[in-house]
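Structural characterization, general
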Amino acid sequence: MTMQRMPVQDRTRFLERRELKATRALSLVGLVLLWELLARIGWVPRLFLPAPSDVVSEAVEMVVSGELFIHLGSSLVRLALGFAIGALAGIGVGVAVGFFSLAEAVGTPVIAATFPIPKIALLPLLILWLGIGEPSKVAVIALGVFFPMAINTFTGVRHADPLLVKAAVSFGAGRWSVIRKVMLPSALPMIFAGLKLGAGTALLLLVAAEMIAVESGVGFLILHASNLMATTKLMVGIVVLSLLGVLSHWFLNWMERAVIPWRHT
């Protein structure tokens, strides 16, 4: 549908979204230019705040040498495994606690008691259980993703329309059919909200986990650069983390529009 054929209300909404995106882009460009200006005029020493141009030059050198790909590849593997395990476990537990009374009686107090514990504080214990290698790093990321996924899925299941549940049961649907065809579709908006929260938490825990007994990863890059006072390389690591956060947010938004398009019409 062309813009001229859009209803007036849809056209206004489209223009507002486009203006908002343009404003965000301009504000980001302005921030980067201000950062470059402060670094070039010397108000802030470049040792403490490298210029964006220096960060880009350093990033290009790391890409050419392959160093950045080594760190990024290691981090992406840990991040993907931890996120997938935590998300799937959280959805499963959230559905069970929200649908079955016995699971709710057992799971609710356990989640309430363990959720406030900082997950990075569990890393030494996970290292004792799983060893100092990759499993403990993946496990702490999975734990960080698990709790927002379980809580959001539970909330979404509990807010499913009871009339739809009764209608499905009256037509002979069993428990698993009700869960698959009624509960999960109703919980999808909350599930995607949990995925977005979990993505941010996963990045935080990834950096912390990669600062202990690893030889590659974005967290290792940041720690090693800070020890050497290589602030330009440190900023490259921070920018990479920021880009990972932005890309994960965009990807989850795209996925949400594809899976539940009625929420964005």
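About the criteria used
Residues numbered from 1 in each chain as written. Predicted model: local features only at pLDDT ≥ 70, side-chain atom pairs only at ≥ 80, totals over all residues. Heavy atoms only, no water. Helix = DSSP H or I, 4+ residues; strand = E, 2+ residues; numbered from the N terminus. Buried < 20%, exposed > 50% of the residue type's maximum accessible area, 1.4 Å probe, protein only. Areas by Shrake-Rupley, 256 points an atom, 1.4 Å probe, with all protein chains shown as cover. Lys, Arg positive; Asp, Glu negative; His and termini not counted. Charge placed at Lys NZ, Arg CZ, Asp CG, Glu CD. pLDDT = per-residue confidence, 0-100. Contact = heavy atoms within 4.5 Å. Patch = residues over 30% accessible without salt bridge, like charges linked within 9 Å, V, L, I, M, F, W, Y side chains within 5 Å. Salt bridge = Lys/Arg side-chain N within 4 Å of Asp/Glu carboxyl O. Phe/Tyr/Trp six-rings, centres within 6.5 Å; stacked < 30°, edge-to-face > 60°. 1 Å grid on protein atoms, 1.4 Å probe; cavity = no way out; pocket = protein on both sides within 12 Å on 5 of 7 lines; lining within 4 Å. Points joined across faces, edges and corners; volume = space filled by probe spheres on them. Expected span 1.5 Å × (residues − 1).

Observations concerning the overall build of the protein
What the protein contains, in helices and strands, is ten helices and zero strands. Ordering the α and β elements of the protein from the N terminus gives α-α-α-α-α-α-α-α-α-α. The principal-axis extent of the C-alpha atoms belonging to the protein is close to 70 × 65 × 30 Å. Burial status across the protein gives 34% buried among its 265 residues. Split by element, the accessible area of the protein, about 15,700 Å² in all, is 72% carbon and sulfur. Separation between the mean location of the 21 positive side-chain charges and that of the 14 negative ones in the protein comes to 12 Å.

Thoughts on the confidence of the model for the protein
Looking at the protein as a whole, its pLDDT mean stands at 85, while 90% of the residues score no less than 70. Considering each helix and strand of the protein separately, the mean pLDDT is smallest for helix 1 (residues 8-41), with a value of 70, and largest for helix 3 (residues 67-99), with 94.

Observations regarding the environment of Val-157
Inspection of the secondary structure assignment puts Val-157 in helix 6 (residues 134-158). Classification of Val-157 by relative accessible area gives buried; the value is 2%. Considering only alpha carbons, one finds Val-157 and Pro-185, 28 residues apart in sequence, at a separation of 9.0 Å. Leave out the neighbours within four places in its chain, and Val-157 touches Val-95, Gly-98, Phe-99, Met-183 and Ala-187.

Quick look at a nonpolar patch on the surface
Together, Val-239, Leu-243, Val-246, Leu-247 and Trp-250 give the surface a local cluster of nonpolar side chains, amounting to about 460 Å² of exposed area. Looking at the element boundaries, Val-246 is found in helix 10 (residues 231-259). Residue class for Val-246 comes out partly exposed when judged on its relative accessible area of 33%.

Some remarks on the packing of aromatic side chains
Centre-to-centre distance and the angle between the planes together describe a pair of aromatic rings. Using the criterion set out here, one finds four aromatic pairs in the structure. Note on Phe-115 and Phe-147: the rings are 5.9 Å apart at their centroids and 45° apart in plane angle, and the pair reads as tilted. Of this pair, Phe-115 sits in the loop between helix 4 (101-114) and helix 5 (123-130) while Phe-147 sits in helix 6, and the two are 32 residues apart along the sequence. For Phe-147, a relative accessible area of 6% gives the class buried.

Re unusual backbone geometry
The phi dihedral of Ala-213 is positive, around 55°, even though this residue is not glycine. With respect to the secondary-structure elements, Ala-213 resides in the loop between helix 8 (175-209) and helix 9 (218-227).

So, the layout of surface pockets
The computed volume of the second largest pocket comes to approximately 430 Å³. In terms of lining, the second largest pocket is formed by 19 residues, of which the most central are Phe-83, Ala-199, Ser-248, Phe-251 and Leu-252. For the lining of the second largest pocket, the elements supplying multiple residues, two or more each, are helix 3, helix 8 and helix 10.

Quick word on the pattern of salt bridges
According to the stated counting rule, one finds five salt bridges in the structure shown. In this structure, Lys-233 engages Glu-67 in a salt bridge whose closest nitrogen and oxygen atoms are separated by 3.5 Å. Residue Lys-233 is found in helix 10, and its partner Glu-67 is found in helix 3; the two are separated by 166 residues along the sequence. Ionic pairing is found between Glu-134 and Arg-78, a salt bridge with its closest N-O pair at 2.6 Å. In this pair, Glu-134 sits in helix 6 while Arg-78 sits in helix 3, placing the two residues 56 residues apart along the sequence. A cluster of three or more residues bridged by salt bridges with shared partners is formed by Arg-78, Glu-134 and Glu-210.

Topic: helix 6
Between the first and last C-alpha of helix 6 there are 36 Å, a value that for 25 residues agrees with the 36 Å anticipated at 1.5 Å per step. Most of helix 6 sits inside the fold, with 18 of its 25 residues counted as buried.

Considerations on the side chain of Glu-58
With respect to the secondary-structure elements, Glu-58 resides in helix 2 (residues 52-65). Here Glu-58 is buried and forms no salt bridge, its nearest opposite-charge partner Lys-233 lying at an N-O distance of 4.3 Å. If near-sequence neighbours (up to four positions away) are discounted, Glu-58 is found in contact with Thr-232, Lys-233 and Val-236.

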